[in-house]
Amino acid sequence: MGNGLKKLAAIVLKVLLTAIIIVSVFIFTDGMYLLGIPDASQVEQVTVSYPEVSNEVKVFTEDEDIEQTIKLTNFLKYSVFEKYAGDDKPMITITYHLTNGGEISVSASRETVWWKGKAHILKDKDMFINLTEGIFFLEDLSEE
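Residues numbered from 1 in each chain as written. Predicted model: local features only at pLDDT ≥ 70, side-chain atom pairs only at ≥ 80, totals over all residues. Heavy atoms only, no water.

### Regarding helix α3 (residues 127–136)
At 3.6 residues per turn, the α-helix brings residues three or four places apart onto the same side.
Inference 1: Listing the buried residues of α3 in full gives Phe 128, Ile 129, Thr 132, Glu 133 and Phe 136. Axial view of α3: buried residues confined to an arc of 130 degrees, hence all on one face. (Buried < 20%, exposed > 50% of the residue type's maximum accessible area, 1.4 Å probe, protein only. Helix = DSSP H or I, 4+ residues; strand = E, 2+ residues; numbered from the N terminus. Arc of directions from axis to C-beta.)

So this is what it looks like as C-alpha coordinates:
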(Lines give C-alpha, C1' and ligand atoms only; values in the text may rest on other atoms or scores of the structure.)
Protein backbone atom coordinates (compact mmCIF):
# COMPACT_ATOMS: atom_id res chain seq x y z
CA MET A 1 0.00 0.00 0.00
CA GLY A 2 1.42 3.36 -0.98
CA ASN A 3 2.15 6.14 1.50
CA GLY A 4 -0.59 8.35 -0.01
CA LEU A 5 -3.14 5.56 0.27
CA LYS A 6 -2.25 5.01 3.95
CA LYS A 7 -2.75 8.71 4.68
CA LEU A 8 -6.11 8.69 2.88
CA ALA A 9 -7.21 5.60 4.84
CA ALA A 10 -6.17 7.27 8.12
CA ILE A 11 -8.16 10.42 7.24
CA VAL A 12 -11.24 8.41 6.29
CA LEU A 13 -10.99 6.44 9.54
CA LYS A 14 -10.71 9.65 11.59
CA VAL A 15 -13.74 11.16 9.81
CA LEU A 16 -15.80 8.00 10.41
CA LEU A 17 -14.82 7.84 14.09
CA THR A 18 -15.66 11.53 14.51
CA ALA A 19 -19.06 11.02 12.85
CA ILE A 20 -19.79 8.03 15.11
CA ILE A 21 -18.90 10.04 18.21
CA ILE A 22 -21.06 13.00 17.13
CA VAL A 23 -24.06 10.77 16.37
CA SER A 24 -23.62 8.92 19.68
CA VAL A 25 -23.50 12.17 21.67
CA PHE A 26 -26.57 13.46 19.81
CA ILE A 27 -28.55 10.28 20.53
CA PHE A 28 -27.44 10.31 24.17
CA THR A 29 -28.46 13.94 24.75
CA ASP A 30 -31.39 14.43 22.36
CA GLY A 31 -32.82 10.93 22.08
CA MET A 32 -33.34 8.36 19.34
CA TYR A 33 -35.83 8.95 16.54
CA LEU A 34 -38.33 6.25 15.67
CA LEU A 35 -36.89 4.39 12.72
CA GLY A 36 -39.35 3.05 10.14
CA ILE A 37 -42.04 5.74 10.21
CA PRO A 38 -43.49 5.62 6.68
CA ASP A 39 -42.98 8.32 4.11
CA ALA A 40 -46.12 10.34 3.32
CA SER A 41 -46.16 8.96 -0.23
CA GLN A 42 -46.61 5.45 1.23
CA VAL A 43 -49.63 6.44 3.34
CA GLU A 44 -53.20 6.32 2.08
CA GLN A 45 -54.98 7.20 5.32
CA VAL A 46 -54.18 7.95 8.96
CA THR A 47 -56.32 7.28 12.00
CA VAL A 48 -55.70 9.00 15.32
CA SER A 49 -57.42 7.81 18.49
CA TYR A 50 -57.45 9.36 21.94
CA PRO A 51 -60.06 7.39 23.94
CA GLU A 52 -59.63 9.44 27.12
CA VAL A 53 -60.84 12.56 25.29
CA SER A 54 -63.03 11.36 22.42
CA ASN A 55 -64.80 8.18 21.41
CA GLU A 56 -64.39 9.31 17.81
CA VAL A 57 -61.40 8.01 15.87
CA LYS A 58 -60.14 10.83 13.66
CA VAL A 59 -59.56 9.77 10.03
CA PHE A 60 -57.30 11.78 7.72
CA THR A 61 -56.76 11.33 3.99
CA GLU A 62 -55.52 14.79 2.96
CA ASP A 63 -51.79 15.03 2.22
CA GLU A 64 -51.33 17.93 4.64
CA ASP A 65 -52.87 16.00 7.56
CA ILE A 66 -50.89 12.86 6.74
CA GLU A 67 -47.64 14.87 6.68
CA GLN A 68 -48.56 16.53 9.97
CA THR A 69 -49.03 13.18 11.73
CA ILE A 70 -45.68 12.01 10.38
CA LYS A 71 -43.97 15.19 11.60
CA LEU A 72 -45.55 14.71 15.04
CA THR A 73 -43.60 11.48 15.45
CA ASN A 74 -40.41 13.58 15.56
CA PHE A 75 -41.51 14.47 19.10
CA LEU A 76 -41.36 10.80 20.09
CA LYS A 77 -37.59 10.64 20.51
CA TYR A 78 -36.72 8.19 23.24
CA SER A 79 -33.87 7.49 25.61
CA VAL A 80 -31.83 4.47 24.57
CA PHE A 81 -30.51 4.08 28.12
CA GLU A 82 -33.67 4.30 30.25
CA LYS A 83 -35.66 1.12 30.74
CA TYR A 84 -39.45 1.00 30.68
CA ALA A 85 -40.87 0.10 34.10
CA GLY A 86 -44.08 -1.36 32.71
CA ASP A 87 -46.59 0.78 34.60
CA ASP A 88 -47.82 3.15 31.86
CA LYS A 89 -50.52 2.75 29.21
CA PRO A 90 -50.99 4.36 25.78
CA MET A 91 -53.12 7.49 25.52
CA ILE A 92 -52.90 8.29 21.79
CA THR A 93 -52.49 5.87 18.90
CA ILE A 94 -51.66 6.88 15.34
CA THR A 95 -52.15 4.22 12.68
CA TYR A 96 -50.77 4.68 9.18
CA HIS A 97 -52.79 2.76 6.58
CA LEU A 98 -50.33 2.16 3.77
CA THR A 99 -50.95 2.18 0.04
CA ASN A 100 -49.74 -1.45 -0.10
CA GLY A 101 -52.52 -2.51 2.30
CA GLY A 102 -50.34 -2.73 5.42
CA GLU A 103 -50.61 -0.81 8.67
CA ILE A 104 -48.06 0.73 10.99
CA SER A 105 -49.08 1.97 14.45
CA VAL A 106 -47.36 4.02 17.10
CA SER A 107 -48.82 4.75 20.56
CA ALA A 108 -47.74 7.11 23.27
CA SER A 109 -48.51 8.36 26.73
CA ARG A 110 -46.99 11.43 28.32
CA GLU A 111 -43.80 9.52 29.21
CA THR A 112 -43.68 6.42 27.00
CA VAL A 113 -43.78 5.50 23.32
CA TRP A 114 -44.75 2.04 22.04
CA TRP A 115 -43.12 1.25 18.72
CA LYS A 116 -42.62 -2.07 16.94
CA GLY A 117 -43.67 -4.08 19.97
CA LYS A 118 -41.38 -2.29 22.43
CA ALA A 119 -41.93 0.44 24.99
CA HIS A 120 -39.40 3.27 25.35
CA ILE A 121 -39.12 6.21 27.74
CA LEU A 122 -39.57 9.56 25.98
CA LYS A 123 -36.82 12.18 26.19
CA ASP A 124 -39.24 15.11 25.89
CA LYS A 125 -42.12 14.11 28.11
CA ASP A 126 -45.61 15.58 27.46
CA MET A 127 -44.65 17.30 24.17
CA PHE A 128 -46.20 14.75 21.79
CA ILE A 129 -49.45 14.52 23.77
CA ASN A 130 -49.74 18.30 24.13
CA LEU A 131 -49.16 18.88 20.41
CA THR A 132 -51.51 16.13 19.31
CA GLU A 133 -54.22 17.41 21.66
CA GLY A 134 -53.84 20.94 20.32
CA ILE A 135 -53.79 19.95 16.66
CA PHE A 136 -56.42 17.20 16.51
CA PHE A 137 -58.46 17.20 19.73
CA LEU A 138 -58.77 20.82 20.86
CA GLU A 139 -62.53 20.97 20.24
CA ASP A 140 -63.03 17.67 22.09
CA LEU A 141 -61.05 18.97 25.08
CA SER A 142 -63.11 22.17 25.25
CA GLU A 143 -66.33 20.10 25.49
CA GLU A 144 -65.20 18.51 28.76
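Still more ground to cover, so stick around.
### Here we look at the sheet that holds strand β3 (residues 92–98)
Inference 1: The six strands are arranged β2-β1-β3-β4-β5-β6 in an open sheet whose pairing can be described as antiparallel. Looking at which strands have only one partner, the edges of the open sheet turn out to be β2 (58–60) and β6 (118–121). Between one strand axis and the next, the sheet turns through 20 degrees on average, direction left out of account.
Inference 2: In terms of strand pairing, β3 meets strand β4 (residues 103–108) through six bridges, oriented antiparallel. Considered in β4, the bridge of Thr 95 is made with Ser 105.
Inference 3: Here helix α2 (residues 63–72) sits on the sheet in contact with β1 (43–49), β2 and β3, set at roughly 60 degrees to β1.
Inference 4: Across the sheet, α3 touches β1, β2, β3 and β4, and the angle it forms with β3 is around 70 degrees. (Pairing = 2+ DSSP bridges. Axes fitted to C-alpha atoms, helices over the stretch in contact; angles between N-to-C directions. Contact = heavy atoms within 4.5 Å.)

### Some words on the packing of aromatic side chains
Inference 1: All chains considered together, the criterion is met by three aromatic pairs.
Inference 2: For the pair Tyr 50 and Phe 137, a centre-to-centre distance of 5.3 Å together with 90 degrees between the ring planes defines the contact as edge-to-face. Taken as a pair, Tyr 50 in the loop between β1 and β2 and Phe 137 in the loop between α3 and α4 (138–142) lie far apart in primary sequence, 87 residues in all. For the pair shown, Tyr 50 and Phe 137 are each scored as buried.
Inference 3: Centre to centre, the rings of Tyr 84 and Trp 114 are 6.0 Å apart; their planes meet at 80 degrees, and the pair counts as edge-to-face. Of this pair, Tyr 84 sits in the loop between α2 and β3 while Trp 114 sits in strand β5 (residues 112–115); the two residues are 30 residues apart in sequence, bridging distant segments of the chain. (Phe/Tyr/Trp six-rings, centres within 6.5 Å; stacked < 30°, edge-to-face > 60°.)

### Overview of the side chain of Lys 77
Inference 1: Along the chain, the position of Lys 77 falls in the loop between α2 and β3.
Inference 2: Residue Lys 77 is classed as buried on the basis of its relative accessible area of 16%.
Inference 3: When near neighbours in sequence (up to four residues on either side) are disregarded, Lys 77 contacts Asp 30, Gly 31, Met 32, Tyr 33, Leu 122, Lys 123 and Asp 124.

### Looking at the pairing of β1
Inference 1: Taken across its seven residues, β1 has five buried, putting it largely inside the fold.
Inference 2: With three bridges joining them, β1 and β2 adopt antiparallel strand pairing. Within β2, the residue paired with Thr 47 across the bridge is Val 59.

### Quick look at α2
Inference 1: Looking at α2, one finds that the buried residues are Ile 66, Thr 69, Ile 70 and Leu 72. Along α2, the residues classed as buried sweep out an arc of 160 degrees about the axis, all on the same side. The outward face of α2, more than 90 degrees from its buried face, is lined by the exposed residues Asp 63, Glu 64 and Lys 71.
Inference 2: Those residues of α2 hidden inside the fold are in contact with β1, β2, β3 and α3.

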